[in-house]
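Structural features, examined
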Amino acid sequence: MAIESSCDETSVAILADGRTVLSNVISSQIDIHTAFGGVVPEIASRHHLENMNTVVEQSLREAGAALDEIDLLGVTYGPGLVGALLMGVATAKAIAFAKDIPLVGVNHMHGHISANFIQYPDLEPPFMSLIVSGGHTNIALMTDYGKCTVLGGTRDDAVGEAYDKVARVIGLGYPGGPKIDKAAREGNPEAIHFKRVFLEKGSLDFSFSGLKTAVLNYLNTERQAGREVSVPDVAASFQAAVIEVIVKKTMEAALDRKQEKLVLAGGVAANSKLRQDLQEACDKQGIKLYVPSPVLCTDNAAMVACAAYYKYQREGADDLYLDAYPSLAI
Ligand SMILES: Nc1ncnc2c1ncn2[C@@H]1O[C@H](COP(=O)(O)OP(=O)(O)OP(=O)(O)O)[C@@H](O)[C@H]1O
Ligand SMILES: [Mg+2]
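Residues numbered from 1 in each chain as written. Chains lettered and ligands numbered in written order. Predicted model: local features only at pLDDT ≥ 70, side-chain atom pairs only at ≥ 80, totals over all residues. Heavy atoms only, no water.

Quick notes on unusual backbone geometry
With an omega dihedral of 5 degrees, the bond running from Pro-125 to Pro-126 counts as a cis peptide bond. Looking along the chain, the bond that leaves Tyr-174 and enters Pro-175 is cis, with omega of -5 degrees. Examined against the element boundaries, Pro-175 turns out to sit in the loop between helix H5 (159–169) and helix H6 (176–184). Despite not being glycine, Asp-17 shows a phi value in the positive range, around 50 degrees. The phi dihedral of Asp-100 is positive, around 55 degrees, even though this residue is not glycine. With respect to the secondary-structure elements, Asp-100 resides in the loop between helix H3 (82–99) and strand E5 (103–107). (Helix = DSSP H or I, 4+ residues; strand = E, 2+ residues; numbered from the N terminus.)

Spelled out as structure tokens, the structure:
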């Protein structure tokens, strides 16, 4: 069993043998936070507290399991919002102590990558990975289960954060990623040319804050001139600028390191254009692309349970002093 509560989803999952999902209950708080245009940390913690026991019970019910049958308990202990993480960690410790079950603290980002082990039962490291989410944008070489070398990361905004901020300024609201994805399908990606930011030659780092400002400047200029702004065109043009850079850098990393497998992970991995463009690039180079189903891309406890299974085999259990670690590195 694993518990995930690092942001605004309360999720509890039960897996058999580390890769077979028996239940993956996700209670999302999106509707609650939409009123505020983004996640309010204190409100998120309170809702985790309210929902946690119900989600645990539902997960057991759907899996047809009893707590006494659980033989390993995983929990996300970072990175994330401290109050939200604490809710999951405290619950996991209480269950582990009461039922004498070994406890394993899981890095949320290793959880995102592990979503692919559930989706593809035969997938094994090593592989190149692209992790794109609300708080992260990383290219990392996974050398073994739970072991990775980070080759690049964002120097400012994470890609999901850029989607959410741009969605807000063009009036699409929260959560921005899926809304831009949808609006962009109706727009022309060449309508507005936003600069592609590649940084220094050979760098696998990213920068998205300039692009966000460029969108804002474009909107201000058009509005001041009294011209009507096409939201689908802005969405498509913004998305084209983001995805071109991400795809080029990821392919460069995979080819340089001679990797034949590329694994996509994190909430932004649900993006239809990113999936499509990366697939085309991989097909050209003979690289196999692994992409989880959308429900396994965004925060869920099944991916955490899978990561816990492998971490336990490698490192054994954590003790009950396990604490939340909001800035835990990938
Ligand atoms: N179809 C989509 N296109 C683009 N972005 C998307 C899509 N679906 C979700 N996202 C983005 O994914 C992010 C949520 O992903 P996730 O839940 O993994 O992030 P997080 O857990 O908040 O951050 P992290 O995993 O880095 O701690 C949001 O920024 C959201 O806008
Ligand atoms: Mg996440």
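Let's talk about the sheet that holds strand E6 (residues 127–132)
The strand order E8-E7-E6-E9-E10 describes an open sheet built from five strands, whose pairing is mixed. Unpaired on one side and paired on the other, strand E8 (147–153) and strand E10 (288–290) mark the two borders of the sheet. Ignoring strand direction, the axes of neighbouring strands in this sheet form an average angle of 25 degrees. Against the sheet, helix H9 (residues 272–285) engages E6, strand E9 (261–265) and E10, with an angle of about 175 degrees to E9. (Pairing = 2+ DSSP bridges. Axes fitted to C-alpha atoms, helices over the stretch in contact; angles between N-to-C directions. Contact = heavy atoms within 4.5 Å.)

Some thoughts on H5
In an α-helix, one turn spans 3.6 residues, which is why side chains three or four residues apart end up on the same side. Among the residues of H5, Val-159, Gly-160, Ala-162, Tyr-163, Val-166 and Ala-167 are the ones counted as buried. All buried residues of H5 fall inside an arc of 160 degrees around its axis, so they share one side. Those residues of H5 hidden inside the fold are in contact with E6, strand E7 (137–144), H6, helix H7 (209–224) and helix H8 (231–256). After H5 finishes, the residue Gly-171 shows a positive phi value of roughly 85 degrees. (Buried < 20%, exposed > 50% of the residue type's maximum accessible area, 1.4 Å probe, protein only. Arc of directions from axis to C-beta.)

A few points about the layout of surface pockets
Roughly 1000 Å³ of internal volume is contained in the largest pocket. Lining the largest pocket we find 38 residues, and of these Cys-7, Asp-8, Ser-133, Gly-134 and Asp-164 sit closest to its centre. Here the lining of the largest pocket takes six residues from H5, the largest share from any one element. Classifying every residue of the lining of the largest pocket gives 15 nonpolar, 15 polar and eight charged. One number sums up the size of the second largest pocket: a volume of about 290 Å³. Taken together, 18 residues make up the lining of the second largest pocket; nearest its centre are Met-1, Leu-15, Asp-17, Asp-71 and Leu-72. Contributions of two or more residues to the lining of the second largest pocket are made by strand E2 (9–16) and helix H11 (301–315). A per-element tally of the lining of the second largest pocket places H11 first, with six residues. Its residues assigned to classes, the lining of the second largest pocket comprises 13 nonpolar, two polar and three charged. (1 Å grid on protein atoms, 1.4 Å probe; cavity = no way out; pocket = protein on both sides within 12 Å on 5 of 7 lines; lining within 4 Å. Points joined across faces, edges and corners; volume = space filled by probe spheres on them. Nonpolar A, V, L, I, M, F, W, Y, C, P; charged D, E, K, R; others polar.)

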